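What follows is each chain in one-letter form.
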Amino acid sequence: MAGSGAPILVTGAAGSVGAVGRGVVAELRRRGLPVRALVHREDERAAALRATGAEVVAGDLTRAPDVVRALDGCGRMYFGMSVSPRYLEATMTTAVVARASARLEALVNMSQMTVSQMDLTSTAESTQHRQQWLAEHALNWSGLPVTHIRPTVFMENPLFEVFVYASIAQEGTIRLPFGTGRTSPVAARDVAAVVAEVLADPPAHIGRVYQLTGPASRDMTAMAEEFSSALGRPVSYVDVSYEAWVNHDLGALGLPAHVADHLATMARLHAENRYDRVTDDIERITGRPATGVREFVRDHPGKFTEGAG
């Protein structure tokens, strides 16, 4: 078992959006816990993970032999994967392998907040949302010792990286089709801290669902005022047309169709006020409050400088 020296498997350890997996590895290693980090390929990010003292293996979560090799000897695991049309396949492959090993004492699953608003007849969500809704059900049915983590939109999501931070740096504006919808973006480091806390001492968390949000929910006009105050310069919200934003602004990023559809859906759901949610789960689990706009600006000044991109 992990508590007696077996490694904790962290998947998606070299992921890009928010790098939650990387943050989980860093936090677990800081605590002196043994970690096996699964990456999709060997590159400089794998080398950086090894520098923390983690064991690093490369593999594909949709390939059972790779998952068998990665899970071998592990007692706990974090399942996280980037937005992908093969997300559900990867979840099912992981669940089947984990059940066959019969050794896991904890599986922490990275889901997302919209799942809590979905049911059998939901049609407003993206393909990715539906895959994650099905994935939660499949993991629950598996009988594995699961804890679900449901963050709201990440502060590091492209919706914010490109259309908030880069736009503020270049024009002093936030350009999104959110209308008057309210939102509570969450910092990836806070999510990673919750995951690490659960993995470090899982018994009280098994079977639980944690909804992770930022410290407040507000519309983009109010958020622009927060950024303006934190940066000491004017920031305004420009409520752009949804159709124009999807076809021009989002389209200009050249993202894969599955990812673009997911981001377009998230923007639409924001305008429908589906992200208006606040909980105290982060503070309750980690002992410190969720990161707000001012703290995020203070810790990432380069994101708000023209040319930072």
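Scroll up for the structure.
This report concerns the structure included in the present document.

### Some remarks on the overall build of the protein
Phase 1 of the analysis: The helix and strand tally for the protein stands at 12 helices and 11 strands.
Phase 2 of the analysis: For the protein, whose C-alpha radius of gyration is 19 Å, the value lies close to the compact-globule estimate of 19 Å for 309 residues.
Phase 3 of the analysis: Dimensions of the protein along its principal axes, counting C-alpha atoms only, are 55 × 40 × 35 Å.
Phase 4 of the analysis: Burial statistics for the protein: of 309 residues in total, 53% are counted as buried.
Phase 5 of the analysis: A sequence separation of at least 24 residues applies to 76% of the contacts in the protein between residues at least 6 apart.
Phase 6 of the analysis: Carbon and sulfur atoms form 52% of the exposed surface of the protein, whose accessible area is close to 12900 Å².

### A closer look at the pattern of salt bridges
Phase 1 of the analysis: A complete count under the given rule lists 19 salt bridges for this structure.
Phase 2 of the analysis: Notably, a salt bridge pairs R284 with D280, separated by 3.8 Å at the nearest N-O pair.
Phase 3 of the analysis: A relative accessible area of 49% means that D280 is categorised as partly exposed.
Phase 4 of the analysis: Between D299 and R298 there is a salt bridge, with its nearest N and O atoms 3.0 Å apart.
Phase 5 of the analysis: For R298, a relative accessible area of 57% corresponds to the exposed category.

### Things to note about the nonpolar core
Phase 1 of the analysis: Counting residues in hydrophobic clusters, the biggest one holds 35 residues, and the most contacted among them are V20, L28 and I149.
Phase 2 of the analysis: The set of elements that each furnish at least two residues to this core consists of β1 (8-10), α1 (20-30), β2 (35-39), α2 (44-51), β5 (106-110), α7 (188-200), β9 (209-212) and α11 (281-286).
Phase 3 of the analysis: Ranked by residue count, the leading element in this core is α7, at 8 residues.
Phase 4 of the analysis: Filtering out sequence-adjacent residues up to four positions away, V20 remains in contact with Y78, M110, F154, A188, V191 and A192.
Phase 5 of the analysis: Of all hydrophobic cores here, the second largest spans 32 residues; its members include V235, L263, A267 and L269.

### Topic: helix α8 (residues 220-231)
Phase 1 of the analysis: Helix length check: α8 (12 residues) gives 16 Å between terminal C-alpha atoms against 16 Å at 1.5 Å per residue, within 8%.
Phase 2 of the analysis: Among the residues of α8, M220, M223, A224 and F227 are the ones counted as buried. Buried residues of α8, seen end-on, are gathered within an arc of 105° and therefore sit on one face of the element.
Phase 3 of the analysis: One side-chain oxygen of the residue at the start of α8 lies 3.2 Å from the amide nitrogen of T221, identifying that residue as D219.
Phase 4 of the analysis: Downstream of α8 by a residue or two, G232 has a phi angle that is positive, lying close to 75°.

### Quick look at the side chain of T91
Phase 1 of the analysis: The residue T91 is located in helix α4 (residues 87-101) in this model.
Phase 2 of the analysis: Not counting the four nearest positions on each side in its chain, T91 is found in contact with F79, A135 and L139.

### Regarding the packing of aromatic side chains
Phase 1 of the analysis: By the definition in use, this model includes 7 aromatic pairs.
Phase 2 of the analysis: Aromatic side chains F160 and Y165 sit 6.4 Å apart centroid to centroid with 45° between the ring planes, which places their arrangement in the tilted category.
Phase 3 of the analysis: Judged by its relative accessible area of 1%, Y165 is buried.
Phase 4 of the analysis: Centroid distance F163 to W245: 5.1 Å. Interplanar angle 65°. Geometry classified as edge-to-face. Taken together, the residues span a long stretch of sequence, with F163 in helix α6 (residues 158-171) and W245 in helix α9 (residues 242-250) at a distance of 82 residues.
Phase 5 of the analysis: In textbook terms, an aromatic cluster arises when at least three aromatic residues are bridged by ring pairs, as seen for F160, Y165, F227, F296 and F304.

### Remarks on unusual backbone geometry
Phase 1 of the analysis: In the Ramachandran plot, N273 falls in the positive-phi region, its phi being about 70° despite a non-glycine side chain.
Phase 2 of the analysis: Tracing the backbone through its elements, the reader meets N273 in the loop between α10 (257-271) and α11.
Phase 3 of the analysis: Residue class for N273 comes out partly exposed when judged on its relative accessible area of 33%.

### What to know about the sheet that holds strand β6 (residues 146-151)
Phase 1 of the analysis: The strand order across the open sheet formed by 7 strands is β3-β2-β1-β4-β5-β6-β9, and the pairing between neighbours is parallel. Only two strands of the sheet have a single neighbouring strand rather than two, namely β3 (55-58) and β9. Ignoring strand direction, the axes of neighbouring strands in this sheet form an average angle of 15°.
Phase 2 of the analysis: Relative to β2, β1 is paired through 3 bridges, and the arrangement is parallel. What sits directly across from L9, in β2, is R36.
Phase 3 of the analysis: This element, helix α3 (residues 64-71), spans β1, β2, β3 and β4 (76-79) of the sheet and lies at about 160° to β2.
Phase 4 of the analysis: Strands β5 and β6 of the sheet are contacted by helix α5 (residues 127-142), whose axis makes an angle of about 160° with β6.

Conventions and cut-offs
Residues numbered from 1 in each chain as written. Predicted model: local features only at pLDDT ≥ 70, side-chain atom pairs only at ≥ 80, totals over all residues. Heavy atoms only, no water. Helix = DSSP H or I, 4+ residues; strand = E, 2+ residues; numbered from the N terminus. Rg over C-alpha atoms; globule rule 2.2 N^0.38 Å. Buried < 20%, exposed > 50% of the residue type's maximum accessible area, 1.4 Å probe, protein only. Contact = heavy atoms within 4.5 Å. Areas by Shrake-Rupley, 256 points an atom, 1.4 Å probe, with all protein chains shown as cover. Salt bridge = Lys/Arg side-chain N within 4 Å of Asp/Glu carboxyl O. Core = buried A, V, L, I, M, F, W, Y, C linked by side-chain atoms within 4.5 Å. Expected span 1.5 Å × (residues − 1). Arc of directions from axis to C-beta. Polar contact = N/O pair within 3.5 Å; in protein donor to acceptor, adjacent residues only side chain to side chain. Phe/Tyr/Trp six-rings, centres within 6.5 Å; stacked < 30°, edge-to-face > 60°. Pairing = 2+ DSSP bridges. Axes fitted to C-alpha atoms, helices over the stretch in contact; angles between N-to-C directions.

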